[in-house]
Amino acid sequence: MRISLKWLRELVDVGISPEELAETLTMAGFEVEEIEDRRPWASGVVLGKIIACEQHPNADKLRVCQVDVGSSEPLNIVCGAPNARADIYVPVAVVGTYLSTIDLKIKPAKLRGVPSEGMICSLAELGLSKESAGIHIFELENPELGSDIRPLLGLDDVILDLTATANRADALSMVGVAREVAALTGASLRIPAANDVAIEGKESPALAVEISEPQGCPIYIGTAIEGVKIAASPAWLQQRLQAAGVRPINNVVDVTNYILLEWGQPLHAFDRDRLQSFTGTQDISIGVRFAKTGESFKTLDGQNRNLQAQNLLITASDKPVALAGVMGGEDTEVHEGTQNLVLEAAIFDQATIRRSARAQGLRSEASIRYERGVNQAALATACNRAVALILELAGGTATVQKTASSGDDLSFSRSLELRLDRVNLVLGQLKRGETGGSKYLEPEEVKNILTALGCEVVPTEKERVWNVTVPPYRYRDLEREIDLIEEVARLHGYDNFCDTLPSKTEPGYLSAEYAAIRNVRSAFRAAGLTELMHYSLVKTEGDNQVVLANPLFVEYSALRTEMLSGLIDAFQYNLEQGNGALNGFEVGRIFWKEEGGQDAHPTINGGQDAHPTINGGQDAHPTMKEADAVAGIIGGDPTVWKWQQGGRDRPLSWFEAKGILESAFQELGLSVEYQSDSSNTRLHPGRTAALSLNGKHLGVFGQLHPQLQQEKDLPEQVYVFQLDLAVLLGGLGRCSNLTRKFAGYSSFPASDRDIAFFAPVEVPVVEMQSAMKKAAGSLLDSVELFDEYRGDNVPAGQRSLAFRLVYRAGDRTLSETDVEPAQQKVRDVLVEKFGVSLRS
């Protein structure tokens, strides 16, 4: 909120500089983002009178003016403004004046051969508007020529741009800020008086107010005013509105905006004659209700708005005339010909206005205040002050005033118990310095602070305990004892308390789980993959999705059940933008609903859908689940230079993609097993593997299905993987890979043997490798498949495999008698377990 220091000083005696005041407010929790000092804008600009105005002899659009600025001789000034004429009062920048807003210093000059000794200014040149059609003309009685024009234009002011926290709705008004400044500085406070307005008691035409939604609108006051005259507001009112960033419109509308700024109470003025014409009846019945399906009306901004069920409306004879607490309607707005008014002053529920404004994508100064909470106790005061100002500035008579209330307790009073020992326990010791005194806050200090805030502090029968009555304007904010303690700390000054640390401190460290996740990220980055990040919110598509009840956007109203879709879309987008293949990975969280208590996540575990019913076909109540996962996508041509390929792209092979994944596992020290898998419909049925680690299902790795690849217009071979992070971290913890340990190596030579055989196609290589390692014992150092052949001279349904087995001992060179028994065990287990036909 923009705070005029000149206006503020009428409410509270502020004796400190603007900079000191800004620092005080900021330290108290009201951040001052900017100090706009307007005083230098027109320093040196004085009031002058054009006593003669003649056409420039050498220019059609210039005039030569004789301007009296109170000196012995009039100034000769050349002016190009079309509204320059004799006998008007104008702002004059004399020679030597610097206009900071346009970065211009006034010097003696000649314009088309005629000397000019100053400049007659427009509001744009003085910083008060962006554009001006001509010079500014004052309407004054008994002016003093040569006097400073800044008081006349409100340029003798400093504006503080203040940001209040969400819980301090009272700080969105000049009265609220004045109360705060008075409490912080000890200055005397002068709240504007609001005397009761005389109501004539005229009942024709009748005015009735009826609230059908008391929860949304607990209080509504309607006041009928007759015989007003719409005109421009006086200068003082316009200047205060402009200082606050509000555009003046006319005297009636400006008064409602003025009360909004002064008291924080939104008001709205209806044209009564338009209300009667709109409803087709002389008697006006104001109502408050929620919108019905299919209703619409046009707001003051000219937009025709389709109303929704959560929109709270002000109605006249049940026809919508305003979005309650947000914006009025165009059909009933005050205009130049308005003569009769109905003034609205009401309290609306915070949550109701928030939902209503959000449903229309519309926020106004009124809705901002209602959303935070308006001071209900000041409603009548603000209403009476507004009526009095309208009668003063626009004339007329207040004929009837009707109030509707929900009948609930409207006392807005709350009493809290405050313990001094609790205050000192929470806030700690003070920095007393050389002044001495108690290390903790004294009872009198706490009482003075709370009294300055408007609280009533009464001792109780308990020692060092008070009963504190909260003022009505802080009713929504001060709800518990800790709130009062916070106020004591805030006003005493957070920097006046000692800085203390816990008695036992330890250096920070990463948890074992987070350190392991860091290692996982590092391993995948080392494998050449870029770390990506996507939103967890996606479109509503699947049956097992977790759908949000209150989404921010309809397009993103569910939580993702898997991460591959986002990676595929990112891969496609980068190709479309000409950025090439995106090889990346992501660590994130997935969510799903379980039907019938199935524990495994359907996407990670082979893509199988959870069975929807249990217990004889009766629907089971779904439970929400979440898990962390690691997913990635790999594709594109892995080569950098393509001259050997004639400039053509070479698709990434399955083994190259698998090698990238293997390098990450090797960096982590994990031994992952691969088994053929064709259950995931989005992946190639013959090029997909289910991954397992230490006997637990880890995830899936495979090539995208050709049909999906064509739909997305992706390169020929793109590979994806999704892993269960919990299983991955469990493997890291099991093999103690968070800290690498040195393992000794043998200085003796190895002895290798080759073995070749025909094996059934359906037998996985990984199972044969595992069986060979187990059979050969500790002497076997490694087993590697180096050849596979299918075709001529190979029995149907089989393939020819060749393995190299490397034997090594750490204490000697192995002989034939050492190796051959182990090799024979390998042959035997292959024949017995897998039914292979040995070729060597």
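What this report covers is the structure whose coordinates are included nearby.

Definitions and cut-offs
Residues numbered from 1 in each chain as written. Predicted model: local features only at pLDDT ≥ 70, side-chain atom pairs only at ≥ 80, totals over all residues. Heavy atoms only, no water. Helix = DSSP H or I, 4+ residues; strand = E, 2+ residues; numbered from the N terminus. Buried < 20%, exposed > 50% of the residue type's maximum accessible area, 1.4 Å probe, protein only. Contact = heavy atoms within 4.5 Å. Areas by Shrake-Rupley, 256 points an atom, 1.4 Å probe, with all protein chains shown as cover. Lys, Arg positive; Asp, Glu negative; His and termini not counted. Charge placed at Lys NZ, Arg CZ, Asp CG, Glu CD. Pairing = 2+ DSSP bridges. Axes fitted to C-alpha atoms, helices over the stretch in contact; angles between N-to-C directions. Salt bridge = Lys/Arg side-chain N within 4 Å of Asp/Glu carboxyl O. Expected span 1.5 Å × (residues − 1). Arc of directions from axis to C-beta. Phe/Tyr/Trp six-rings, centres within 6.5 Å; stacked < 30°, edge-to-face > 60°. Parallel < 35°, antiparallel > 145°, perpendicular 65-115°, else oblique. Left-handed = near helix turned anticlockwise from the far one by under 90°. Nonpolar A, V, L, I, M, F, W, Y, C, P; charged D, E, K, R; others polar. Core = buried A, V, L, I, M, F, W, Y, C linked by side-chain atoms within 4.5 Å. Polar contact = N/O pair within 3.5 Å; in protein donor to acceptor, adjacent residues only side chain to side chain.

1. A few points about the overall build of the protein chain
If you tally the helices and strands in the protein chain, you get 20 helices and 42 strands. Judged by the C-alpha coordinates and their principal axes, the protein chain covers about 125 × 85 × 75 Å. Looking at the protein chain residue by residue over its 840 residues, the buried ones come to 45%. Across the protein chain, contacts joining residues at least 24 apart in sequence account for 68% of those joining residues at least 6 apart. If you sum the accessible surface of the protein chain, you get close to 42,900 Å²; carbon and sulfur atoms cover 47% of it. Between the mean site of the 82 positive side-chain charges and the mean site of the 113 negative ones, the protein chain shows a separation of 3 Å.

2. Notes on the sheet that holds strand S35 (residues 673–676)
Across a sheet, strands are paired by hydrogen bonds formed along the backbone, either parallel or antiparallel in direction. Spatial strand order, S27-S31-S34-S38-S37-S36-S35: seven strands in an open sheet with mixed pairing. The open sheet has two edge strands, strand S27 (530–531) and S35, and neither has a second partner. Summarising the sheet, S35 and strand S36 (residues 683–693) pair through four bridges and their orientation is antiparallel. Each bridged residue has a counterpart across the sheet, and for Glu-673 the counterpart in S36 is Ser-692. Those strands touched by helix H14 (residues 512–526) are S27, strand S31 (584–594), strand S34 (623–635) and strand S38 (718–724), and its axis lies near 130° from that of S31. Sheet strands touched by helix H15 (residues 564–576): S31, S34, strand S37 (696–704) and S38. Its angle to S34, the strand with the most contacts, is close to 30°.

3. Concerning the pattern of salt bridges
Applying the stated criterion across every chain, the model contains 42 salt bridges. Close ionic contact of Glu-10 with Arg-240 constitutes a salt bridge, the shortest N to O distance being 2.4 Å. You can see Glu-10 sitting in helix H1 (residues 5–11) and its partner Arg-240 sitting in helix H5 (residues 235–243), a full 230 residues away along the chain. Given a relative accessible area of 42%, Glu-10 falls into the partly exposed group. Given the relative accessible area of 14%, Arg-240 is considered buried. Among the ionic pairs, Glu-626 bridges to Arg-589, the shortest N-O distance being 3.0 Å. In this pair, Glu-626 sits in strand S34 while Arg-589 sits in strand S31, placing the two residues 37 residues apart along the sequence. For Arg-589, a relative accessible area of 35% gives the class partly exposed.

4. With respect to the pairing of strand S22 (residues 341–347)
Among the seven residues that make up S22, seven are buried, leaving the element largely enclosed by the rest of the structure. Sheet analysis places strand S14 (residues 219–226) next to S22, joined by seven bridges and oriented antiparallel. Among the inter-strand pairings, Ala-224 is bridged to a residue of S22, identified as Val-342. The pairing of strand S15 (residues 267–271) with S22 spans five bridges and is classified as antiparallel.

5. Some remarks on the sheet that holds strand S26 (residues 465–470)
If you trace the three strands from one edge of the open sheet to the other, you get S24-S26-S25, paired in antiparallel fashion. The two strands at the open ends of the sheet, each matched to only one other strand, are strand S24 (414–419) and strand S25 (456–459). Going across the sheet, the axis of each strand differs from the next one's by a mean of 25°, ignoring polarity. Two strands pair when backbone bridges link them, and S25 and S26 are joined in this way by four bridges, in the antiparallel orientation. The residue bridging Val-457 from the neighbouring strand is Val-468, located in S26.

6. Describing helix H16 (residues 654–668)
For H16, spanning 15 residues, the distance from its first C-alpha to its last is 21 Å, which sits close to the expected 21 Å at 1.5 Å a residue. Buried within H16 we find Trp-654, Ala-657, Leu-661, Ala-664, Phe-665 and Leu-668. An end-on view of H16 places all buried positions within 100° of arc, on one side of the element. Across H16 from its buried face, at more than 90 degrees, point the exposed residues Phe-655 and Gln-666.

7. Overview of the packing of aromatic side chains
Evaluation of the coordinates by the stated rule reveals nine aromatic pairs. Residues Phe-524 and Phe-721 carry aromatic rings whose centres are separated by 5.6 Å and whose planes lie at 15° to one another, so their mutual orientation is stacked. One end of the pair, Phe-524, is in helix H14; the other, Phe-721, is in strand S38, with 197 residues separating them in the sequence. The exposure class of Phe-524 is buried, given its relative accessible area of 1%. When its relative accessible area of 0% is taken as the criterion, Phe-721 is described as buried. Ring pairing ties together the aromatic residues Trp-654, Phe-655, Phe-701 and Tyr-719, which thus form one cluster.

8. Description of the packing of helix H19 (residues 765–776) against helix H20 (residues 816–834)
At their nearest, the axes of H19 and H20 sit 8 Å apart, and the two run at 140° to each other. When the interaxial angle is binned, H19 and H20 end up oblique. By crossing handedness, the relation of H19 to H20 is classed as right-handed. Together, Glu-767, Met-768, Ala-771, Met-772, Ala-775 and Ala-776 of H19 and Ala-822, Lys-825, Val-826, Val-829, Leu-830, Lys-833 and Phe-834 of H20 make up the contact between the two elements. For the contact of H19 with H20, a count of residues per class yields 10 nonpolar, no polar and three charged.

9. What to know about the nonpolar core
Of all hydrophobic cores here, the largest spans 94 residues; its most connected members are Leu-8, Tyr-220, Ile-259, Ile-314, Phe-348 and Ile-390. Considering every element that reaches this core, the biggest residue donor is helix H10 (residues 379–394), with eight residues. Those residues in contact with Phe-348, other than ones at most four positions away along the chain, are Gly-216, Cys-217, Pro-218, Val-288, Leu-312, Ile-314, Ala-324, Gly-325, Ile-353 and Tyr-370.

10. A look at unusual backbone geometry
A positive phi angle, near 55°, is found at Asp-103, a position not held by glycine. Its identity is not glycine, yet Arg-112 carries a phi of approximately 55°, on the positive side. Here Arg-112 falls in the exposed class, since its relative accessible area comes to 55%.

11. A look at helix H9 (residues 365–372)
Among the residues of H9, those classed as buried are Ala-366, Ser-367, Arg-369, Tyr-370 and Glu-371. Contacts made by the buried residues of H9 are with helix H6 (251–263), S22 and helix H8 (350–360). Within two residues after H9, Gly-373 carries a phi angle of roughly 115°, on the positive side.

12. Regarding the environment of Leu-725
Note on placement: Leu-725 falls in helix H18 (residues 725–734). Taking the C-alpha atoms as reference points, Leu-725 and Ala-377, 348 residues apart in sequence, are found 56 Å from one another. Discounting chain neighbours no more than four positions away, the residues touching Leu-725 are Ile-517, Val-587, Asp-628, Ala-629 and Val-630.

13. Quick notes on the side chain of Asn-251
In this structure, Asn-251 sits in helix H6. For Asn-251, the side chain forms a polar contact with the main-chain oxygen of Lys-229, separated by 3.0 Å. Non-local contacts of Asn-251, meaning those with residues more than four positions away in its chain, are made with Lys-229, Ile-230, Ala-231, Ser-233, Leu-393 and Ala-394.

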